[in-house]
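# Coordinate inspection notes
Read off the chains here:
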Amino acid sequence: MAIWSGGAVAAVDCRRPNGDPDKDFTRFLIDVSTDAPLHEDPDRAHEVFDKLAELVMGEVVGKLSCQEGSGPAG
C-alpha cells in the first residue's frame, strides 16, 4: 500500500479458480483519492487513507472469487 496526503493505492492478489473466465486477472489495484488533500496534517492523512484503503480493499476482496491464500499483495 502507498499512502500520501491525497489518497492511497493498495494491491490485492486474487488467484482465480480454474474455469473462471477472468482467470488471467490476478492482481487488482485499488485507488482511493480526494480533491481535498490533508496537507496540513500528514499524520492524520496517513491514518485516514490507511483505514479507508483497508476498508475498500476488504470489500473488494469479498466480492471477488479468489482462491484461498489470496489477499493483500506484499
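The model shown is predicted, which means the values in this text are computed figures rather than measured ones.

## Observations concerning the side chain of Arg16
- Along the chain, the position of Arg16 falls in the loop between β2 (7-13) and β3 (27-33).
- Classification of Arg16 by relative accessible area gives buried; the value is 9%.
- Apart from the residues lying within four places of it in its own chain, the contact partners of Arg16 are Asp22, Lys23, Phe25, Phe28, Leu64, Ser65 and Gln67.

## Looking at the nonpolar core
- In this structure, Ala8, Ala10, Val12, Ile30, Val32, Ala45, Phe49, Ala53 and Met57 together form the largest nonpolar core, which totals nine residues.
- Secondary-structure elements contributing two or more residues to this core are β2, β3 and α1 (42-63).
- A per-element tally of this core places α1 first, with four residues.
- In this structure Val32 touches Gly6, Gly7, Ala8, Phe49, Leu52, Ala53 and Val56, once residues within four positions along its chain are discounted.

## Details of the pairing of β2
- Burial of β2 is extensive: five of the seven residues sit out of reach of the surface.
- Connecting the antiparallel pair strand β1 (residues 2-4) and β2 is a turn made up of two residues.
- Where β2 and β3 come together, seven bridges link them in antiparallel fashion. Of the residues in β3, the one forming a bridge with Asp13 is Arg27.

## Overview of the state of the cysteines
- Applying the stated criterion to the full structure yields one disulfide.
- Covalent S-S linkage joins Cys14 and Cys66, the inter-sulfur distance amounting to 2.0 Å. Across the S-S bond of Cys14 and Cys66 the torsion is about -110°, and the bridge reads as left-handed. Here Cys14, found in the loop between β2 and β3, pairs with Cys66, found in the loop between α1 and β4 (71-72); they are 52 residues apart in sequence, far enough to count as distant.

Conventions adopted
Residues numbered from 1 in each chain as written. Predicted model: local features only at pLDDT ≥ 70, side-chain atom pairs only at ≥ 80, totals over all residues. Heavy atoms only, no water. Helix = DSSP H or I, 4+ residues; strand = E, 2+ residues; numbered from the N terminus. Buried < 20%, exposed > 50% of the residue type's maximum accessible area, 1.4 Å probe, protein only. Contact = heavy atoms within 4.5 Å. Core = buried A, V, L, I, M, F, W, Y, C linked by side-chain atoms within 4.5 Å. Pairing = 2+ DSSP bridges. Disulfide = S-S within 2.5 Å.

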